[in-house]
Amino acid sequence: MDSLAIGRRFSPFIEKMASRIAQLQCAMLCTPDGFNLCSIGLNEEQVGKMAALSSSLFSVGAAAVNSLTSESAANVASSAEGSVSAPLNYLTLEAGGLQIVSTKIIRPAGDFILMAAARAPLGVVLVGVRSTVMDIQKLL
């Protein structure tokens with residue numbers, strides 16, 4: 001399936017997120033390599049930047065979690081064979097009341113990254129993002 005078709009398929013879920021998160025400023029669905037699939041609330045210049053930044057930040061966050069998880073596992077259970085690193089579930093950033101939440105949607109044909117930014121309590125944004133992830137996963 002090409003990226004335009006994927007974007008059309010999942011765009012209604014991104015738009016529905018706006019009704020779940022009243023103060024949603026923007027949201028996007030992109031690939032882990034920074035290619036935008038669909039978005040709302042972003043102009044053309046912002047879309048490319050945010051897709052690249054969202055994927056990069058998620059990769060850096062996952063690397064940090066894996067590094068800490070590996071070290072903790074090695075220190076706590078040195079006799080255990082191999083350590084399983086925990087996947088990064090959600091990446092959250094906050095600046096001046098703006099909450100940014102990113103998560104990875106795992107799928108066999110290639111993962112997606114969902115990002116939402118809103119001037120709302122973090123819990124509201126997390127619940128809205130989780131609900132959108134569940135909607136998208138039903139189609140997968």
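Attention here is on the structure that accompanies the text. Predicted model only: the values in this text are computed from it and were never measured.

### Brief notes about the overall build of the protein chain
Step number 1: Per the secondary structure count, the protein chain includes three helices and five strands.
Step number 2: When the helices and strands of the protein chain are listed from N to C terminus, the series reads α-β-β-α-β-β-β-α.
Step number 3: Counting over 140 residues, the protein chain shows a buried share of 37%.
Step number 4: Partitioning the contacts of the protein chain with sequence separation of at least 6, the portion at a separation of at least 24 is 51%.

### Comments concerning helix α1 (residues 3-20)
Step number 1: Compared with an ideal rise of 1.5 Å per residue, which puts 18 residues at 26 Å, α1 spans 25 Å between its outermost C-alpha atoms and is within 8% of the ideal.
Step number 2: Where α1 bends most, at Phe 10, the angle is about 40 degrees, and the proline Pro 12 comes one to four residues later.
Step number 3: Of the residues making up α1, those classed as buried are Ile 6, Gly 7, Phe 10, Ser 11, Phe 13, Ile 14 and Met 17.
Step number 4: Of the surrounding secondary structure, the elements contacted by the buried residues of α1 are β1 (24-30), β2 (36-40), β5 (112-118) and α3 (122-139).

### Structural notes on α3
Step number 1: For α3, which comprises 18 residues, the first-to-last C-alpha distance of 26 Å matches the rise-based estimate of 26 Å (1.5 Å per residue) to within 8%.
Step number 2: Residues Val 125, Leu 126, Gly 128, Val 129, Ser 131, Thr 132, Val 133, Asp 135 and Ile 136 constitute the buried set of α3.

### Digging into a nonpolar patch on the surface
Step number 1: Residues Leu 53, Leu 57 and Leu 93 make up a contiguous nonpolar surface patch of about 240 Å² in total accessible area.
Step number 2: Leu 93 sits in the partly exposed class, given a relative accessible area of 35%.

### Remarks on the nonpolar core
Step number 1: Counting 24 residues, the largest nonpolar core has Phe 10, Ile 14, Met 17, Leu 24, Leu 29, Leu 114 and Val 129 as the members making the most contacts within it.
Step number 2: Mapped onto this core, the elements with two or more residues apiece are α1, β1, β2, β4 (98-105), β5 and α3.
Step number 3: With near-sequence residues (within four places) excluded, Met 17 lies in contact with Leu 24, Ala 27, Leu 114, Ala 116, Gly 128, Val 129 and Thr 132.
Step number 4: Membership of the second largest hydrophobic core comes to 13 residues, among which are Cys 26, Leu 88, Leu 91 and Ile 113.

### Thoughts on the packing of α1 against α3
Step number 1: Two numbers describe how α1 lies on α3: the axes approach to 9 Å, and their chain directions differ by 155 degrees. Considering their axes alone, α1 and α3 lie roughly antiparallel with respect to each other. The handedness of the crossing between α1 and α3 is right-handed. From α1, Arg 9, Phe 10, Phe 13, Lys 16, Met 17 and Arg 20 reach across to α3, where they touch Gly 128, Val 129, Ser 131, Thr 132, Asp 135, Ile 136 and Leu 139.
Step number 2: Looking at side-chain class alone, the contact of α1 with α3 contains six nonpolar, three polar and four charged residues.

What counts and how
- Throughout this description, residue numbers start from 1 for each chain and increase along the sequence as written.
- The predicted origin of the model limits local features to residues at a pLDDT of at least 70 and limits the giving and counting of side-chain atom pairs to 80 or more, whereas totals for whole chains, interfaces and linings rest on all residues.
- Water and hydrogen atoms were dropped before computing side-chain values, which therefore reflect all heavy atoms in the structure.
- Segments assigned H or I by DSSP are reported as helices when at least four residues long, segments assigned E as strands when at least two residues long, and all are numbered from the N terminus.
- Relative accessibility under 20% of the residue-type maximum defines a buried residue, over 50% an exposed one, and the middle range a partly exposed one, all with a 1.4 Å probe and only protein chains included.
- Pairs of residues are marked as contacts when any of their non-hydrogen atoms sit within 4.5 Å.
- Here the expected length of a helix is defined as 1.5 Å per residue gap, with one fewer gap than residues.
- Working definition for bend: take the seven residues up to and ending at a residue and the seven starting at it, fit an axis to each, and measure the angle between the axes.
- Patches here: salt-bridge-free residues with over 30% relative accessible area, like charges joined within 9 Å, nonpolar side chains (Val, Leu, Ile, Met, Phe, Trp, Tyr) joined within 5 Å.
- Where accessible areas are quoted, they stem from the Shrake-Rupley method and a 1.4 Å probe; at the residue level, only the protein chains shown are allowed to cover.
- Salt bridges are defined by distance alone: a side-chain nitrogen of Lys or Arg within 4 Å of a carboxyl oxygen of Asp or Glu.
- Among buried residues, those of type Ala, Val, Leu, Ile, Met, Phe, Trp, Tyr and Cys that are joined through side-chain atoms within 4.5 Å constitute a nonpolar core.
- The axes are straight lines fitted to the C-alpha atoms, using for helices just the contacting stretch, and the angles between their N-to-C directions are given from 0 to 180°.
- The cut-offs work like this: below 35 degrees is roughly parallel, past 145 is roughly antiparallel, 65 to 115 is roughly perpendicular, and the gaps in between are oblique.
- Should the near helix be turned counterclockwise from the far one by less than a right angle, the crossing is left-handed, whereas a clockwise turn marks it as right-handed.
- When residues are sorted by character, Ala, Val, Leu, Ile, Met, Phe, Trp, Tyr, Cys and Pro go into the nonpolar class, Asp, Glu, Lys and Arg into the charged class, and all the rest, Gly among them, into the polar class.

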